[in-house]
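One-letter residues, chain by chain:
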Amino acid sequence: MPKISKKGQMMPESPIRKLVPFAEDAKKRGINVFHLNIGQPDIKTPQIALDAVKNNTIEVLSYARSEGSESYRKKLTAYYKKNQIDINADDIIVTTGGSEALLFTIGSITDYGDEIIIPEPFYANYNGFSTANGIEIVPIVSSIDTGFALPEIKEFEKLIGPKTRAILICNPGNPTGYLYSKEEIEKLKALVLRYDLFLIADEVYREFVYDGMQHHSIMSETGLDENAIMIDSVSKRYSMCGARIGCIVSRNKELIQTTLKYAQARLSSPTYALLASEAALDTPQNYFDEVIEEYVKRRNILIAELNKIDKIKVSTPKGAFYCIAELPVSDADDFAQWMLEKFSDNNETIMVAPASGFYSTKGSGKNQIRIAYVLNKESLIRSVELLKLALEQYNG
Ligand SMILES: Cc1ncc(COP(=O)(O)O)c(C=O)c1O
């Protein structure tokens, strides 16, 4: 039989999706599964974006420009300006989702065997993008006990070596909900300048920041033009995960030219989705105000309910819509599967993402899960009740 590549064999399964067959089986048995495992918001997509696709007069569904149309990129610069990010249309490469932006970026700045330092736990697909590019993730542990704050800079320095190409952060963080402060960003800036590294910031959750806090983009820093690369996406901002549109933003011309070659190789992002994404930029502010208010309510309910359960440790997210919870179990992978296979209450159960897949240090996060608070309040309260009952039965 022809052989599958080592790289292919090493591609990790998504911890967010790997339990799907067990959830499907549970549903076939008539069980209602509350999905806390995936960041698929139930928030309505702005009508203006949907209408742009419905009402268009396209007769030939042609390729778009590889880097995205000038009109879209120009309109994006206005959006970024409102977010204290001053860039030109030429600093943007439009991609097919933030996922492709990450793939192209890593591909453009690393060679086989190179290393990228990432605070863990991190967005699990960084593992997949790294494996696909033949590079190593060097994790630096951030702890639930500090709310997943930026680890000490001296700890980063211990990990920097001749193969280090970049530091990658997710801000606000998936899966931690952590929001990096301006001071933390400035510490990272000093570090990457000292060692001549790229600083990649995945800012796809920029809008989702709570309690009156401010998001601080790496692109708002001065003196970082050659080093800073921002990853963005319309998926979460406009609840348009299915559009598959994102972008790479950098003032580093060579980086942009290189990622453009990747973009040319895949010709273009989907034309209808580009139409919707451009129109979405006219979404009124009150859409976001309502969405943020809803997420704050959900977060507060989730954290309050989780804190009522004995022996659960959870850190309050400041942004995004996830939290990591430490459970009184030794193997959260087993527990999460058990909840789908063996547990139900009134024909209901929950699906969560075991957190081990968000770490690359072996054995880390074994007793943690990631919960996405993308369901309405009633479903969240019921879900936490189910978690409590499941823990009692599993441990009993
Ligand atoms: C942190 C982070 N980055 C990137 C992505 C990729 O998003 P997309 O490819 O839908 O733009 C996601 C999706 O969940 C994410 O959570």
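Reading the values: the criteria
- Residues numbered from 1 in each chain as written.
- Predicted model: local features only at pLDDT ≥ 70, side-chain atom pairs only at ≥ 80, totals over all residues.
- Heavy atoms only, no water.
- Near = heavy atom within 4 Å.
- Polar contact = N/O pair within 3.5 Å; in protein donor to acceptor, adjacent residues only side chain to side chain.
- Areas by Shrake-Rupley, 256 points an atom, 1.4 Å probe, with all protein chains shown as cover.
- Salt bridge = Lys/Arg side-chain N within 4 Å of Asp/Glu carboxyl O.
- Helix = DSSP H or I, 4+ residues; strand = E, 2+ residues; numbered from the N terminus.
- Buried < 20%, exposed > 50% of the residue type's maximum accessible area, 1.4 Å probe, protein only.
- Axes fitted to C-alpha atoms, helices over the stretch in contact; angles between N-to-C directions.
- Parallel < 35°, antiparallel > 145°, perpendicular 65-115°, else oblique.
- Contact = heavy atoms within 4.5 Å.
- Nonpolar A, V, L, I, M, F, W, Y, C, P; charged D, E, K, R; others polar.
- Phe/Tyr/Trp six-rings, centres within 6.5 Å; stacked < 30°, edge-to-face > 60°.
- Lys NZ or Arg CZ within 6 Å of the ring centre and 35° of its normal.
- Core = buried A, V, L, I, M, F, W, Y, C linked by side-chain atoms within 4.5 Å.
- Pairing = 2+ DSSP bridges.

Caption draft 1: Region of interest: the site of the ligand. Residues in close proximity to the ligand total 13 residues, the closest being Gly 98, Ser 99, Asp 202, Ser 233 and Ser 235. Separating a nitrogen atom of the ligand from a side-chain N or O atom of Asp 202 is a distance of 2.6 Å. One of the side-chain N or O atoms of Lys 236 is found 2.9 Å from an oxygen atom in the ligand. Burial of the ligand by the surrounding chains reaches 93%, relative to a free accessible area of 390 Å².

Caption draft 2: Region of interest: the pattern of salt bridges. If you walk through the whole model with that rule in mind, you get 34 salt bridges. Lys 54 is paired through a salt bridge with Asp 51; the nearest N and O atoms lie 3.9 Å apart. Within this pair, Lys 54 and its partner Asp 51 are both found in helix α3 (residues 47-54), separated by three residues, close to a single helical turn. Across the salt bridge formed by Asp 282 and Lys 75, the nearest N and O atoms sit 3.0 Å from each other. Linking Asp 282 in the loop between α10 (271-280) and α11 (285-307) with Lys 75 in helix α4 (residues 70-82), this pair joins segments that are 207 residues apart in sequence. Of the residues examined, Lys 75 reaches a relative accessible area of 27% and is grouped as partly exposed.

Caption draft 3: Seen up close, the packing of helix α12 (residues 332-341) against helix α13 (residues 377-395). Between α12 and α13, the shortest axis-to-axis distance is 11 Å and the interhelical angle comes to 110 degrees. The orientation of α12 relative to α13 falls into the category roughly perpendicular. Contact with α12, carried on its side by Asp 334, Phe 335, Trp 338 and Met 339, involves Leu 387, Ala 390, Leu 391, Gln 393 and Tyr 394 of α13 and no other residues of that element. Partitioned by chemical class, the residues of the contact of α12 with α13 number seven nonpolar, one polar and one charged.

Caption draft 4: Expanded view of unusual backbone geometry. Omega for the bond connecting Glu 120 with Pro 121 falls within 30 degrees of zero, at 5 degrees, which places this linkage in the cis form. Within the secondary structure layout, Pro 121 lies in the loop between β3 (115-120) and α6 (125-132). The residue after Asn 171, namely Pro 172, is reached through a cis peptide bond having omega -5 degrees. Of note, the phi angle at Asn 346 is positive, near 50 degrees, even though the residue is not glycine. Inspection of the secondary structure assignment puts Asn 346 in the loop between α12 and β11 (348-351). With a relative accessible area of 69%, Asn 346 lands in the exposed category. A positive phi angle, close to 65 degrees, is found at Asn 347, a residue other than glycine. By secondary structure assignment, the location of Asn 347 is in the loop between α12 and β11. What makes Asn 347 partly exposed here is its relative accessible area of 45%.

Caption draft 5: Structural context of the packing of aromatic side chains. Counted under the stated rule, the structure contains 19 aromatic pairs. Geometrically, the ring pair formed by Phe 335 and Tyr 394 is edge-to-face, given 4.9 Å between the ring centres and 65 degrees between the ring planes. Placement of Phe 335 in helix α12 and of Tyr 394 in helix α13 is noted, with a sequence separation of 59 residues between them. With relative accessibility at 24%, the residue Tyr 394 sits in the partly exposed group. Through successive ring pairs, a cluster of aromatic residues spans Tyr 205, Phe 208, Tyr 295, Phe 321, Tyr 322 and Tyr 373. If you follow Arg 298 out to its NZ or CZ, it ends over the ring of Tyr 295, 5.4 Å from the centre.

Caption draft 6: Local environment of the nonpolar core. Core analysis: the biggest nonpolar cluster contains 132 residues, and Tyr 80, Tyr 126, Ile 167 and Leu 387 have the highest contact counts within it. In this structure Leu 387 touches Leu 306, Ile 309, Ile 312, Phe 335, Met 339, Ile 350 and Ile 369, once residues within four positions along its chain are discounted.

Caption draft 7: Molecular detail of the sheet that holds strand β12 (residues 353-354). Here we have four strands laid out as an open sheet, ordered β9-β10-β13-β12, and antiparallel in their pairing. Strands at the two margins of the open sheet, each flanked by one partner only, are β9 (313-314) and β12. Bridging between β9 and strand β10 (residues 322-326) involves two bridges; their strand directions are antiparallel. Considered in β10, the bridge of Val 314 is made with Ala 325.

Caption draft 8: Just the sheet that holds β3, in detail. Within the open sheet, the seven strands sit side by side as β2-β8-β7-β6-β5-β3-β4. Their pairing is mixed. Of all the strands in the sheet, the pair left with one neighbour each is β2 (92-95) and β4 (136-141). Averaged over neighbouring strand pairs, the angle between their axes works out to 20 degrees when direction is ignored. Where strand β7 (residues 228-233) lies against strand β8 (residues 246-249), four bridges are found, and the strand directions are antiparallel. Within the sheet, the bridge partner assigned to Ile 231 lies in β8 and is Ile 248.

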